[in-house]
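Okay, here's what each chain looks like letter by letter:
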Amino acid sequence: MTVEVHMFACLNDNYGFLVHDPESGLTATIDTPEVAPINAALKAKGWTLTHIFNTHHHFDHAGGNEALKEQWSCQVVGAANDAARIPGIDVQVSDSERFQFGASTVAVLEVPGHTSGHIAFHFVDDGIAFVGDTLFALGCGRLFEGSPQQMWQSLGKLMALPDETIIYCAHEYTAANAAFALSVEPDNERLQQRAQEITSLRARNTPTVPTSIALEKATNPFLRPDSPDLQKTLGMSGDDLVAVFAETRRRKDSF
Ligand code: ZN
Ligand code: FE
């Protein structure tokens, strides 16, 4: 592992992340949910903010861009596709593009669906990915600006990452997501076990983030439209995967 990740709470249920490359001294914040906790984290670690990597334009992800850029003169990296909505953007990146962050190679994945310009940052050699509001522990982002087909394709890109990839998602939604997941896939034993773990973690106010691709593939209903158990609950046995995904997302919206 070449980079160090420091995670902390922001706003009601967001997570902030600092990624630090010890060799070069570079430090990026993944999104800018809230300025004060980001500055407090930088101070606690003794790190200097050099970059902002934005996953998408929502206020709880890019709302602190301008204040932090002003304070630290850091470089803002965001989606070329969504440059007009990323405050202070300096570097525009696109799908499959790779760039260096100190000793680490970062690959950009365009994952539209939650927003049209949503991207994820995959630190290839470190085996970690920051996925914003696209994939959550046991959940996925709401489809504000994309179709189910588009979101399913985006989730497919994340599912194609190595199973052991550590996934940092931007919100602590896991307990509510677990209740929904159990309601649609009640016979999934790995999910039942995980839901218990989540209950005990949250009782101690411990984060359930990060997760991993392998764990999500085994338990997250949004990655499991091929599950016979899920299909049975939805009354969609043997149906098309996108249709099952769309129905799962629709039910979660009103759960
Ligand atoms: Zn969002
Ligand atoms: Fe968000």
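Residues numbered from 1 in each chain as written. Chains lettered and ligands numbered in written order. Predicted model: local features only at pLDDT ≥ 70, side-chain atom pairs only at ≥ 80, totals over all residues. Heavy atoms only, no water.

Draft legend 1. Representation of the nonpolar core. Core analysis: the biggest nonpolar cluster contains 48 residues, and Phe53, Phe123 and Leu158 have the highest contact counts within it. With five residues, helix H4 (residues 148-159) is the single largest residue contributor to this core. When residues of this core are assigned to domains, at least three map to each of domain 1 (4-169) and domain 2 (174-253). In contact with Phe53, other than residues within four places in its own chain, are Ala28, Thr29, Ile30, Asp31, Val77, Phe99, Phe101, Phe121 and Phe123. (Core = buried A, V, L, I, M, F, W, Y, C linked by side-chain atoms within 4.5 Å. Buried < 20%, exposed > 50% of the residue type's maximum accessible area, 1.4 Å probe, protein only. Helix = DSSP H or I, 4+ residues; strand = E, 2+ residues; numbered from the N terminus. Domains from an automatic or database assignment. Contact = heavy atoms within 4.5 Å.)

Draft legend 2. A look at the coordination of the zinc ion (ligand 1). Taken together, the protein ligands of the zinc ion (ligand 1) are His56 (NE2), His58 (ND1), His114 (NE2) and Asp133 (OD), with distances of 2.2 to 2.3 Å. The site at the zinc ion (ligand 1) holds four donor atoms, and with the angles between them running 88 to 172°, its shape is irregular. Taken as a pair, the zinc ion (ligand 1) and the iron ion (ligand 2) lie 3.3 Å from each other and share Asp133 as a ligand. Residue His56 is located in the loop between strand E4 (51-53) and helix H2 (59-62), and its partner His114 is located in the loop between strand E8 (104-110) and strand E9 (119-123); the two are separated by 58 residues in the primary sequence. (Donors = N, O, S within 2.8 Å, 3.2 Å for Na, K, Ca; no water. Tetrahedral: all angles 85-135°; square planar, octahedral: opposite > 155°, others 65-115°.)

Draft legend 3. Inspection of the domain arrangement of the chain at higher detail. Taken domain by domain, the chain holds domain 1 (4-169) and domain 2 (174-253). If you average the C-alpha positions of domain 1 and of domain 2, the two centres end up 24 Å apart. Taken together, the 26 residues of domain 1 in the interface contact 29 residues of domain 2. For the pair domain 1 and domain 2, the summed buried surface comes to about 2,400 Å²; carbon and sulfur atoms form 71% of the total. The largest share of the area that domain 1 buries against domain 2 comes from Leu138, Trp152 and Met159, three residues that together contribute 33% of it. Note that Arg142 and Asp253 form a salt bridge whose closest N and O atoms lie 3.5 Å from each other. Where domain 1 touches domain 2, the interface holds twelve residue pairs in polar contact (both at pLDDT 80 or more). (Buried area = accessible area lost by both parts, 1.4 Å probe. Salt bridge = Lys/Arg side-chain N within 4 Å of Asp/Glu carboxyl O. Polar contact = N/O pair within 3.5 Å; in protein donor to acceptor, adjacent residues only side chain to side chain.)

Draft legend 4. Inspection of the pattern of salt bridges at higher detail. For the structure shown, the criterion picks out 13 salt bridges. Residues Lys69 and Asp90 are paired through a salt bridge, measuring 2.9 Å at the closest nitrogen-oxygen approach. Of this pair, Lys69 sits in helix H3 (residues 65-72) while Asp90 is found in the loop between strand E5 (75-79) and strand E6 (91-93), placing the two residues 21 residues apart along the sequence. Judged by relative accessible area, which is 26%, Lys69 ranks as partly exposed. For Asp95, the salt bridge is made with Lys157, and the minimal N-O distance between the two is 3.2 Å. Here Lys157 lies in helix H4 and Asp95 lies in the loop between E6 and strand E7 (98-101), a separation of 62 residues in the sequence. When salt bridges that share partners are traced, they join Asp82, Arg85 and Glu145 into one network.

Draft legend 5. Summary view of empty space enclosed by the protein. Counted by the stated rule, this structure contains one cavity of 30 Å³ or more. Of the voids in this model, the largest cavity is the one considered here, and its volume is about 40 Å³. Of all the secondary structure elements, the ones that give two or more residues to the lining of the largest cavity are strand E2 (14-21) and H2. A per-element tally of the lining of the largest cavity places E2 first, with three residues. Residue classes in the lining of the largest cavity are distributed as six nonpolar, three polar and two charged. (1 Å grid on protein atoms, 1.4 Å probe; cavity = no way out; pocket = protein on both sides within 12 Å on 5 of 7 lines; lining within 4 Å. Points joined across faces, edges and corners; volume = space filled by probe spheres on them. Nonpolar A, V, L, I, M, F, W, Y, C, P; charged D, E, K, R; others polar.)

Draft legend 6. The coordination of the iron ion (ligand 2), seen in detail. Taken together, the protein ligands of the iron ion (ligand 2) are Asp60 (OD), His61 (NE2), Asp133 (OD) and His171 (NE2), with distances of 2.1 to 2.3 Å. Of note is the iron ion (ligand 2), whose four donor atoms meet at the metal with angles of 84 to 167° in an arrangement that counts as irregular. Mapped onto the polypeptide sequence, the residues donating to the iron ion (ligand 2) form the spacing pattern D-H-x71-D-x37-H. Note on Asp60: relative accessible area 17%, which makes it buried.

Draft legend 7. View of the pairing of strand E13 (residues 166-169). Across four bridges, strand E10 (residues 128-132) lies against E13 in parallel orientation. Paired with Ile128 across the two strands is Ile166, which belongs to E13. Inspection of the sheet shows E13 paired to strand E14 (residues 211-212) by two bridges, in the antiparallel sense. Bridging from a neighbouring strand, Ile167 pairs with Thr211 of E14. (Pairing = 2+ DSSP bridges.)

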